[in-house]
Amino acid sequence: MHTSTADNKPLIELVKVSKVYPPDVLALEDVSLQVLRGEILFLTGMSGAGKTTLLKLICSIETPTKGLIEVAGRDLSKIKPAGIQLMRQKIGVAYQDFKLINKLTVMQNIAMAMEVTYKSKGEIKKRIMELLDTLKLTDKVNKPAGELSRGEQQRVALARAAANSPTLLLADEPTGNLDPAATDLVVKLFKQLNESGSTIVIATHDEKIYEETDYRVMDLHYGHISTHTGKNKPRQIDLFESHRA
Amino acid sequence: MQYLAYILRQTARNLRLAWGTQLMTLLTVTLSVLIFAFFFLIYTNMMKAGERLGDDVRIIVYLDDEIVPQMRPQIERKIREFSEVEKIVFISRQNAFEKLGKQLAEEKDVLNDLGPYFLPPSIEIYPLKTLKNLTHINQFSEYLQTLPGVSKVQYGREWLKRFGYFTSLLRLVVLLSGGLLIMSMTFIVSYTIRLTVVSRHEELEILRLLGASSAYIRMPLLLEGLLQGLLGSTLGLGALFILYQWICRRFSGPGLLHLFDFTFFAPEIIAAILFAGILLCTAGSLFSIRRFIRI
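Residues numbered from 1 in each chain as written. Chains lettered and ligands numbered in written order. Predicted model: local features only at pLDDT ≥ 70, side-chain atom pairs only at ≥ 80, totals over all residues. Heavy atoms only, no water.

Caption draft 1: Looking closely at the overall build of chain B. The number of helices and strands found in chain B is ten helices and four strands. Tracing chain B from N to C terminus, the helices and strands come up as α-α-β-α-β-α-β-α-β-α-α-α-α-α. Whereas a compact globule of 295 residues would reach a radius of gyration of roughly 19 Å, chain B reaches 31 Å, over 25% beyond that. The principal-axis extents of the C-alpha atoms in chain B amount to approximately 100 × 40 × 30 Å. Expressed as a percentage of its 295 residues, the buried residues of chain B come to 40%. Considering only contacts in chain B between residues 6 or more positions apart, those separated by 24 or more positions represent 83%. Carbon together with sulfur atoms contributes 65% to the accessible area of chain B, which is approximately 17,000 Å² in total. Side chains of chain B carry 31 positive and 24 negative charges; the gap between the two charge centres is 13 Å. (Helix = DSSP H or I, 4+ residues; strand = E, 2+ residues; numbered from the N terminus. Rg over C-alpha atoms; globule rule 2.2 N^0.38 Å. Buried < 20%, exposed > 50% of the residue type's maximum accessible area, 1.4 Å probe, protein only. Contact = heavy atoms within 4.5 Å. Areas by Shrake-Rupley, 256 points an atom, 1.4 Å probe, with all protein chains shown as cover. Lys, Arg positive; Asp, Glu negative; His and termini not counted. Charge placed at Lys NZ, Arg CZ, Asp CG, Glu CD.)

Laid out in structure tokens, this is it:
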């Protein structure tokens, strides 16, 4: 395994980040955090703790009221809109509300993520079938997303987030609508992605998916980091080498 | 290559999904081009006809008495003092009588009892092309009227006046239909693109979150406007050509059209109308994109 000084640099770094929604709703206050390359981090906390806001800040859907956010060593506040769009192509996000287009089929919904990166039709189809196979959704490939159950829609949203084998995957409550069997499939997908080099940040209520693991768990409480646990030292992976390969 | 394929696929999808609105837009663009091009065609043909008729314009100055040959250079000089002319022809009473006789041909016997002196002598002045403007001819005729020995100046004033009014009116109609063309094309295309943006709002938002570039989102919409312009202008001009051929067939033979030498647009005018159509529709599309898409 190749390691270098660059590998030890965090992929995500937040320094004293605060976010206040108008008029005066404090979502995050002075949050500082580092996520290393190749790490899996669980963000936990009750509803309204600021988990979703934190994920939105990392993928630049929201901007912080105060503080510094760096992704891959770049200050997000200094990246131009075109640069943000390029960055988003390398970040897969599974949204809590899925953000699927109901009239489009499962295939079309997932393909959207790959089309924006100008992948070929053949490559798109192959990758989608692989993902649907992992998530046991192969038989739904041509079904409109609106006709799927919530659990199935959640898995489609995850498949779309994973489609480009992203450098960073952000998942917001990825198992909220899933039964134990489907949860296992999703966890399996996360492990596959992580092994191939993706850094993963998961915001969840679901203790089952992290209680048996050694991954770092960060608990948010009313916009502050209250506890930070985890025995696991983040693995050092040459992310770009694995992606180049 | 993948980019181009996507743009074309997405444009086709936009057109297919809102085909009813697209068809109405296409129809409006086609009709606007047809109306404008129709009046413009009439106008250009009238202008050409005007130029042709202008070649035959002459001013006839009727005199009280015959001019002796020695006086002619002096009169010529006085005429040319006001404006250079193409030609000046002096017609004596005798010449006028012979001319009339030729015009009457077989019926010239009616002149037998009248004798050659009942017609006044005259001067025929052929103005230069630069003077064939109605206002100038008017001023010129007023000047000629002031010359000594002149009884009357004739140049088809009423006819020229009416022709001038008609071409002015036609020019106004062309300008108005041109305004209509600009407004309808930019507004209707802009409105259609706005509808596309609204109907695809959710999809465009997701594309933005997935990292689609500005060009990736905007190009299909821009192409949509461009295609509306190209198709609408082509159909409008095609419809006008069919109408033109029908008019030519319907009014063929000796008549008004024969006199006017009714012709269709030159290739460069066709290209200019097509280009203007494309430009206006693309501008309409661009307006909506800039206004309603924020990426």
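Next comes the rest of the description.
Caption draft 2: Layout of the interface of chain A and chain B. In this complex, chain A contributes 19 residues to the contact, which on the side of chain B involves 18 residues. Viewed at the interface, chain B and chain A are joined by one salt bridge. Across the salt bridge formed by Arg-9 of chain B and Glu-115 of chain A, the nearest N and O atoms sit 3.4 Å from each other. Mapped onto the side of chain A that touches chain B, the elements with two or more residues apiece are helix H3 (81–89) and helix H4 (106–115) of chain A. (Salt bridge = Lys/Arg side-chain N within 4 Å of Asp/Glu carboxyl O.)

Caption draft 3: Just the nonpolar core, in detail. Within the largest apolar cluster, 42 residues are counted, with the highest numbers of intra-cluster contacts made by Leu-207 and Phe-265 of chain B. Going through the elements one at a time, H4 of chain A together with helix H1 (2–17), helix H2 (19–54), helix H6 (157–199), helix H7 (201–209), helix H8 (214–250) and helix H10 (267–292) of chain B are the ones with two or more residues in this core. At eight residues, the largest contribution of residues to this core is made by H6 of chain B. Setting aside anything within four residues of it in sequence, one finds Phe-265 of chain B in contact with Ala-37, Phe-40, Leu-41, Thr-44, Leu-237, Leu-240, Ile-270 and Ile-273 of chain B. Within the second largest apolar cluster, 40 residues are counted, among which are Ala-111, Ile-124, Leu-169 and Ile-202 of chain A. (Core = buried A, V, L, I, M, F, W, Y, C linked by side-chain atoms within 4.5 Å.)

Caption draft 4: Structural context of the sheet that holds strand S3 (residues 122–127) of chain B. Residue and element names in this part refer to chain B. The four strands are arranged S2-S3-S1-S4 in an open sheet whose pairing can be described as antiparallel. Looking along the sheet, the strands with just one partner apiece sit at the ends: strand S2 (85–91) and strand S4 (150–154). Here the average twist between neighbouring strands, direction ignored, is 15°. As paired elements, S2 and S3 share six bridges and run antiparallel to each other. Residue pairing in the sheet places Val-89 in a bridge with Glu-124 of S3. (Pairing = 2+ DSSP bridges. Axes fitted to C-alpha atoms, helices over the stretch in contact; angles between N-to-C directions.)

Caption draft 5: View of the packing of aromatic side chains. All names here are of chain B. Per the counting criterion, the structure on display carries 14 aromatic pairs over all chains. Judged by centre distance (5.5 Å) and plane angle (70°), the rings of Phe-38 and Phe-39 are edge-to-face. Using a relative accessible area of 26% as the deciding quantity, one classes Phe-39 as partly exposed. When the centroid spacing of 5.4 Å and the interplanar angle of 55° are considered together, the rings of Phe-264 and Phe-265 count as tilted. Since its relative accessible area comes to 7%, Phe-265 is described here as buried. Of the aromatic side chains, those joined through ring pairs into one cluster are Phe-36, Phe-40, Phe-241, Tyr-244, Phe-262, Phe-264 and Phe-265. (Phe/Tyr/Trp six-rings, centres within 6.5 Å; stacked < 30°, edge-to-face > 60°.)

Caption draft 6: Structural view of the pattern of salt bridges. Within the structure shown, the criterion is met by 15 salt bridges over all chains. Linking Arg-216 of chain A and Glu-39 of chain A is a salt bridge whose minimum nitrogen-to-oxygen distance equals 2.4 Å. Of this pair, Arg-216 of chain A sits in strand S9 (residues 216–221) while Glu-39 of chain A sits in the loop between strand S2 (25–36) and strand S3 (40–44); the two residues are 177 residues apart in sequence, bridging distant segments of the chain. Here Arg-216 of chain A matches Glu-39 of chain A in class, with each residue buried. A salt bridge links Glu-124 of chain B to Lys-99 of chain B, with the nearest nitrogen and oxygen atoms 2.8 Å apart. Of this pair, Glu-124 of chain B sits in strand S3 while Lys-99 of chain B sits in helix H4 (residues 93–104), placing them 25 residues apart in sequence. A single salt-bridge network, built from bridges that share partners, covers Lys-126, Arg-127 and Glu-130 of chain A.

Caption draft 7: Representation of the confidence of the model for chain A. Residue and element names in this part refer to chain A. In this model, chain A carries a mean pLDDT of 87, and residues with pLDDT of at least 70 account for 89%. When the criterion is pLDDT under 50, residues 1–6 qualifies, and its contacts beyond four places in sequence or with other chains add up to seven contacts. A low-confidence stretch, residues 233–245 stays under pLDDT 50, and its non-local contacts, those more than four residues away or across chains, total 31 contacts. (pLDDT = per-residue confidence, 0-100.)

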